[in-house]
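Notes for the structure review
Spelled out, the chains give:
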Amino acid sequence: MKKTNVLLLGSGGREHAIAWKLAQSPLLNRLFIAPGNAGTASVGTNIPLGIIDFESIKQFVLANSVDLLVVGPEEPLVKGIHDFFLNDELLKNIAVIGPQKAGAELEGSKDFAKQFMIKHGIPTAAYQTFSADTLSEGLAFLKTLNPPYVLKADGLAAGKGVLICKTIEEARKELTDMLANQKFGHASALVVIEEFLDGIELSAFAITNGKQYLVLPEAKDYKRIGEGDSGPNTGGMGSISPVPFADTEFKYKVEERIIKPTIEGLKKDGIPYQGFLFFGIMNVKGNPIVIEYNVRLGDPETESILPRITTDLLEIFLATAKGCLTDIKLEINPQTAACVMIVSGGYPGEYVKGKTVSGFENMNKSLVFHAGTSIDGADVITSGGRVIAVTSLADSISSAVSQTLESASNIKFGNSYFRTDIGRDLM
Ligand code: AMP
Ligand code: GLY
């Protein structure tokens, strides 16, 4: 059988975890990662291409007989990389994991996602959307709500577009900044104001080709920088999978009320969809309510869910593209995966890059996924805020976390930091 050449786009911990898993597949021929990081270079070949440089990606794909494109982050999807492939005579038969632009709007526009959920009866917080022209109506709408106030820039804002305001004065100021003063540029040309949901968050995942789907393991992500969920939001400081409160009944509700109606809704609306669906969910008194959609896997959720999936990931991707996902018997390791992210001191504010990272030896009890790292001669150096994700599998949350913390303490670079309380709220 002809083996598959894969190009994976992205450079984070998520992409190292995807690359690590793909590299284990007997179906794989060559694995390229663009641009990748110091970790992906150990399981494939890094290619210095920009993830939205579609023309250069095309040239590379053709010159290297790539059969499958896997898109890690949302930006190329929202900018239409899958459509670019479909519209090109030479690329149109290359399979792409990641939706076309129309489906990527579920993440690319919060207003679109809210309209979609309301239309298809998918549980979500009550909301209204405002523009600069309707700012005064938006300010009046705030008065009808109780604090805290949730304001969301409609477009992609590098994870910074959601503001939770404690007081009406703060909410009024932020709404005005977003709409009248373009606080997030074009991304805040529209602002969604929604009801605050009080509960515990969880990330649920599926992979679909628009008809069939597989539900993947869920995870809990720890977003705040500080212990006890304090301080500013980050891209994610750690993750745990599975999540104890997501019992059989809760997962049944997620599948019946959210996953199935989402895929049905896409079909009814004539929106093709091939790729991951990520459901940001709030558990409100035992009922799952959607906070947001993403059209990719989560980071650092991927670093705890992929190590639990025993099934060949490349086989899953190929089945997705061929329309035979129902042939796949997804096998999941029942153990708990605990991931802790080691970050540069100062993150998510300013931080220094270029620090040498050491301590990778004797890591046989944990998995090490690189995020913001690059290669400098013989050294691994830091090149981002989130630097290294360490994941361990064990029979309980506490033993998985203990192992991860022990391994993480071996990884050293100047001014590094990680949270030691990941998973404590679930124990
Ligand atoms: P998002 O960028 O949509 O993931 O939102 C960032 C974070 O804001 C989420 O992870 C939640 O913690 C929080 N959030 C978003 N929407 C709501 C809501 N309606 N109620 C409470 N918290 C929310
Ligand atoms: N960890 C949250 C995200 O990937 O959006």
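Higher on the page you've got the structure.
The written sequence of each chain sets the order in which its residues are numbered from 1. Each chain is given a letter, starting from A, and each ligand a number, starting from 1, according to the order in which they appear as written. It should be noted that, the model being predicted, local features are given only for residues of pLDDT at least 70 and side-chain atom pairs only at 80 or more, the latter also being counted only at that level, while totals for whole chains, interfaces and linings use all residues. No hydrogens and no water enter the side-chain calculation; it runs on all heavy atoms of the structure.

A word on the packing of aromatic side chains. Only centres within 6.5 Å qualify two rings of Phe, Tyr or Trp (six-membered ring in Trp) as a pair; their planes then separate them into stacked at under 30 degrees, edge-to-face at over 60, and tilted for everything else. Inspection of every chain in the model, using the stated rule, returns twelve aromatic pairs. Relative to phenylalanine 141, the ring of phenylalanine 130 has its centre 5.6 Å away and its plane inclined at 45°; by these criteria the two rings are tilted. In this pair, phenylalanine 130 sits in strand β6 (residues 127-131) while phenylalanine 141 sits in helix α7 (residues 135-143), placing the two residues eleven residues apart along the sequence. Exposed residues in this analysis have more than 50% of their type's maximum accessible area, buried residues have under 20%, and partly exposed residues fall in between, with area computed by a 1.4 Å probe over protein chains only. For phenylalanine 130, a relative accessible area of 4% puts it in the buried group. Residues phenylalanine 276 and phenylalanine 317 carry aromatic rings whose centres are separated by 5.9 Å and whose planes lie at 80° to one another, so their mutual orientation is edge-to-face. Within this pair, whereas phenylalanine 276 is found in strand β15 (residues 275-284), its partner phenylalanine 317 is found in helix α11 (residues 313-322), the two being separated by 41 residues in sequence. Taking relative accessible area as the criterion, phenylalanine 276 reaches 5% and is therefore assigned buried. Residue classification places phenylalanine 317 among the buried positions, given a relative accessible area of 0%. One aromatic cluster is present, built from ring pairs that chain together Phe112, Phe116, Phe279 and Tyr293. Whether a charge sits over a ring comes down to the Lys NZ or Arg CZ being within 6 Å of the ring centre and within 35 degrees of the ring normal. Sitting above the plane of the tyrosine 222 ring, lysine 220 keeps its charged end 4.1 Å from the centroid. By definition, any uninterrupted DSSP run of H or I lasting at least four residues is a helix, any uninterrupted run of E lasting at least two residues is a strand, and each is numbered from the N terminus.

Our focus in this paragraph is helix α1 (residues 13-22). Along α1, nine of the ten residues are buried, which leaves the element largely enclosed by surrounding structure. Looking only at α1, the buried set comprises Gly13, Arg14, Glu15, His16, Ala17, Ile18, Ala19, Lys21 and Leu22. Each element contacted by the buried residues of α1 is listed here: β1 (4-10), β2 (28-35), α10 (302-305), α11 and β19 (367-370). Any two residues whose heavy atoms approach within 4.5 Å are treated as being in contact.

Time to look at unusual backbone geometry. Residue alanine 34 is joined to proline 35 through a cis peptide bond whose omega torsion reads -5°. When you line up the elements, proline 35 lands in strand β2. The omega angle of the peptide bond from serine 241 to proline 242 is 0°, so this bond is cis rather than trans. Along the chain, proline 242 turns up in the loop between β14 (238-241) and α9 (248-268). We note that serine 65 has phi near 50°; this positive angle belongs to a residue other than glycine. Looking at the secondary structure, you find serine 65 in the loop between α2 (54-63) and β4 (68-71). Residues other than glycine seldom take positive phi values, yet lysine 285 does so here, at roughly 50°.

Moving on, we get to the nonpolar core. Nonpolar side chains tend toward joint burial in soluble globular proteins. Counting 71 residues, the largest nonpolar core has Leu7, Leu9, Ile81, Phe85 and Phe279 as its most contacted members. No other element matches α9, which puts six residues into this core. Ile33, Leu68, Met237 and Leu318 belong to the second-largest nonpolar core, a separate cluster that totals 42 residues. In plain words, nonpolar cores are sets of buried Ala, Val, Leu, Ile, Met, Phe, Trp, Tyr and Cys residues tied together by side-chain atoms within 4.5 Å.

Criterion for a salt bridge: a side-chain nitrogen of Lys or Arg within 4 Å of a carboxyl oxygen of Asp or Glu. Tallied over the full model, the rule gives 23 salt bridges. Close ionic contact of aspartate 425 with lysine 220 constitutes a salt bridge, the shortest N to O distance being 3.0 Å. With a gap of 205 residues between them, aspartate 425 in the segment after β23 (416-417) and lysine 220 in strand β11 (residues 213-221) connect regions that are remote in the sequence. Of the residues examined, lysine 220 reaches a relative accessible area of 7% and is grouped as buried. Between lysine 260 and glutamate 256 there is a salt bridge, with its nearest N and O atoms 2.8 Å apart. Taken together, the residues lysine 260 and glutamate 256, both in helix α9 and four residues apart, mark about one turn of the helix. Residue lysine 260 is classed as partly exposed on the basis of its relative accessible area of 33%. Three or more residues joined by partner-sharing salt bridges are found here, namely Glu74, Glu107 and Arg296.

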